Amino acid sequence: MRRTGILLFAAAPVAVTAVIYALGPDPSGSSDAAGTRVSAAQRARQDAKARAESERARDAEVIADAPPGLVAPAEKELAQRIVASAENSTLDWRSSYGYIEDIGDGQGYTAGIIGFCTGTHDLLTLVERYTEARPGNGLAPYLPALRKVDGTGSHKGLDPGFTAAWKAEARLPAFREAQEKERDRVYFDPAVRLAKLDGLGTLGQFVYYDAMVFHGPGTGRNSFYGLRERALEEADTPSQGGSEKNYLDIFLDVRREAMRARKPTIDTTRIDTAQRQFLYDGNLGLRTPLTWRVYGETYKVP
């Protein structure tokens, strides 16, 4: 079970820039502190840049002041184990570097520690970045085919050798490290950062991370940022003065609906008997010991 769509980033800044440039030159203009003549459009760009820099500074301060949460080594390891229980039916997430198969979800091959997919752009990006660092790797010859099947469920140009090449490359420490870096860059770091800005504790950070993994970091209605926007229509985040438990409960409701919209018969136990169980137990700090069930299997972390 994997995410849909391609990765979309920075939509809002692009839109703002487009509006600013659409204003065109303004003959009225004004002068800056140095006496240099600037147009209204230039001034708008400067103001927008200043606001963005101010917001980034405030965000950095909030994150710096927040407890480590899910980025603490033990908690991060726990997060990978819980995700692996749903993605690969194991707690040993490191055993999945060489995993690769088509699970019939229309996203092509699903592979690696976080379920990178040939149909959802993230596997292509992983191989491209890895090839930049190690040009002669065993996956590099498949880049033309990966670009052609990106966004589809096709295997054209990948069979029969791609799966064997993936498994062989996964035995190398460099490719294992590349998978971890891409997981953090695309999924873990953005999810935890935004969760901290929303005032969420360790459980909430994990809820965002797992949603980012499954639904993908897109802005569509059923992608991660779309799910968050839908939840915000019904509840305030803790940073907005809302109840953390209430907000997370609604976010999980929205996410479960999105999963069912993809496939009515989909198994939602990664929410129902895992994350929501932690929430209803009041375990907002995701403290161990933990016991949960996914796909009928019981998992325990002492």
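See the structure shown above.
The rules behind each value
- Residues numbered from 1 in each chain as written.
- Predicted model: local features only at pLDDT ≥ 70, side-chain atom pairs only at ≥ 80, totals over all residues.
- Heavy atoms only, no water.
- Buried < 20%, exposed > 50% of the residue type's maximum accessible area, 1.4 Å probe, protein only.
- Helix = DSSP H or I, 4+ residues; strand = E, 2+ residues; numbered from the N terminus.
- Pairing = 2+ DSSP bridges.
- Axes fitted to C-alpha atoms, helices over the stretch in contact; angles between N-to-C directions.
- Parallel < 35°, antiparallel > 145°, perpendicular 65-115°, else oblique.
- Contact = heavy atoms within 4.5 Å.
- Nonpolar A, V, L, I, M, F, W, Y, C, P; charged D, E, K, R; others polar.
- Salt bridge = Lys/Arg side-chain N within 4 Å of Asp/Glu carboxyl O.
- Expected span 1.5 Å × (residues − 1).

A. Looking closely at the pairing of strand β6 (residues 290–294). Judged by which residues are buried, β6 turns out to be one-sided: Leu290, Trp292 and Val294 face inward and are buried, whereas Thr291 and Arg293, on the alternate face, are not. Sheet topology places β6 next to strand β7 (residues 297–301); five bridges connect them, and they run antiparallel. In the strand pairing of β7, Arg293 is matched with Thr298. Connecting the antiparallel pair β6 and β7 is a turn made up of two residues, with Tyr295 showing a positive phi of about 55°.

B. Representation of the packing of helix α2 (residues 40–65) against helix α7 (residues 173–197) in the model. Between α2 and α7, whose axes approach to 9 Å, the crossing angle comes to 90°. Put simply, α2 runs roughly perpendicular to α7. Residues Asp59, Val62 and Ile63 of α2 touch α7, and the partners they reach there are Arg193, Lys196 and Leu197. Classifying every residue of the contact of α2 with α7 by side-chain character gives three nonpolar, no polar and three charged.

C. Geometry of the pattern of salt bridges. The full count for this structure, using the stated rule, is 18 salt bridges. With its nearest N and O atoms 3.6 Å apart, the salt bridge here joins Asp59 to Arg193. Highlighted residues: Asp59 in helix α2 and Arg193 in helix α7, separated in sequence by 134 residues. Given the relative accessible area of 24%, Asp59 is considered partly exposed. With relative accessibility at 39%, the residue Arg193 sits in the partly exposed group. Between Arg94 and Glu77 there is a salt bridge, and its shortest N-O distance comes to 3.0 Å.

D. Expanded view of helix α10 (residues 244–262). Over its 19 residues, α10 extends 27 Å from the first C-alpha to the last, a length consistent with the 27 Å expected when each residue adds 1.5 Å. Buried within α10 we find Glu244, Tyr247, Leu248, Asp249, Ile250, Phe251, Leu252, Val254, Arg255, Ala258 and Met259. Contacts from the buried residues of α10 go to α8 (202–215), α9 (224–232) and α11 (269–280).

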